[in-house]
Amino acid sequence: MNVKRIMANTATSDLDEAAAFYGGILGLDLLMDHGWFRTYGSDEKMTVQVSFGSEGGSGTPVPDLSIEVDDIEAALARCEKAGVPIEYGPASEPWGVRRFYVRDPFGKLVNILQHE
């Protein structure tokens, strides 16, 4: 048996908030819409990963979700323009990533990062 995909699911009563943050700010495409359940993503090919930690590094809390982007400064600008508070960073970390933390509309701590 091989794991083909891992999907993060978040309960919400306001799917439009998900559209604004994950579609609007982060630019993910709406891949599936059942009306009561929506999936956002891209056509990027990714490795299957699931992470566990006792901290998020540099003394930060463990994020609920990590999203790698190709332009961290553009992602930061989009979050700032949308009024999303930055909870940590931006910081260049000793393990080779530049990142910042925000909370999505559902209170999930999101680590947005780019490998340096």
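Residues numbered from 1 in each chain as written. Predicted model: local features only at pLDDT ≥ 70, side-chain atom pairs only at ≥ 80, totals over all residues. Heavy atoms only, no water.

(A) Representation of the UniProt feature "domain: VOC" (unreviewed entry) in the protein chain. Following the UniProt record, the feature "domain: VOC" (unreviewed entry) maps to residues 2-115 here. Annotation note: span residues 2-115, helix share 18%, strand share 30%, distance between end C-alpha atoms 27 Å. (UniProt positions renumbered as here; feature names shortened; annotations may be inferred. Helix = DSSP H or I, 4+ residues; strand = E, 2+ residues; numbered from the N terminus.)

(B) Main features of the pattern of salt bridges. Overall, the coordinates contain 5 salt bridges when judged by the stated rule. Here R99 makes a salt bridge to E93, at a shortest N to O gap of 2.9 Å. Residue classification places R99 among the buried residues on the basis of a relative accessible area of 2%. Note on E93: relative accessible area 6%, which makes it buried. Several salt bridges converge on common partners, so that one network encompasses D16, D33 and R38. (Salt bridge = Lys/Arg side-chain N within 4 Å of Asp/Glu carboxyl O. Buried < 20%, exposed > 50% of the residue type's maximum accessible area, 1.4 Å probe, protein only.)

(C) Highlighting the sheet that holds strand β6 (residues 109-115). Ordered in space as β3-β6-β5-β4, the 4 strands form an open sheet in which the pairing is mixed. The open sheet has two edge strands, β3 (65-68) and β4 (86-92), and neither has a second partner. Direction aside, neighbouring strands of the sheet carry axes that sit 15 degrees apart on average. (Pairing = 2+ DSSP bridges. Axes fitted to C-alpha atoms, helices over the stretch in contact; angles between N-to-C directions.)

(D) Just the packing of aromatic side chains, in detail. Counted under the stated rule, the structure contains 3 aromatic pairs. Considering the side-chain rings of F21 and Y22, the 4.8 Å spacing of their centres and the 80 degrees angle between planes classify their relative orientation as edge-to-face. An identical accessibility class is assigned to F21 and Y22; each is buried. (Phe/Tyr/Trp six-rings, centres within 6.5 Å; stacked < 30°, edge-to-face > 60°.)

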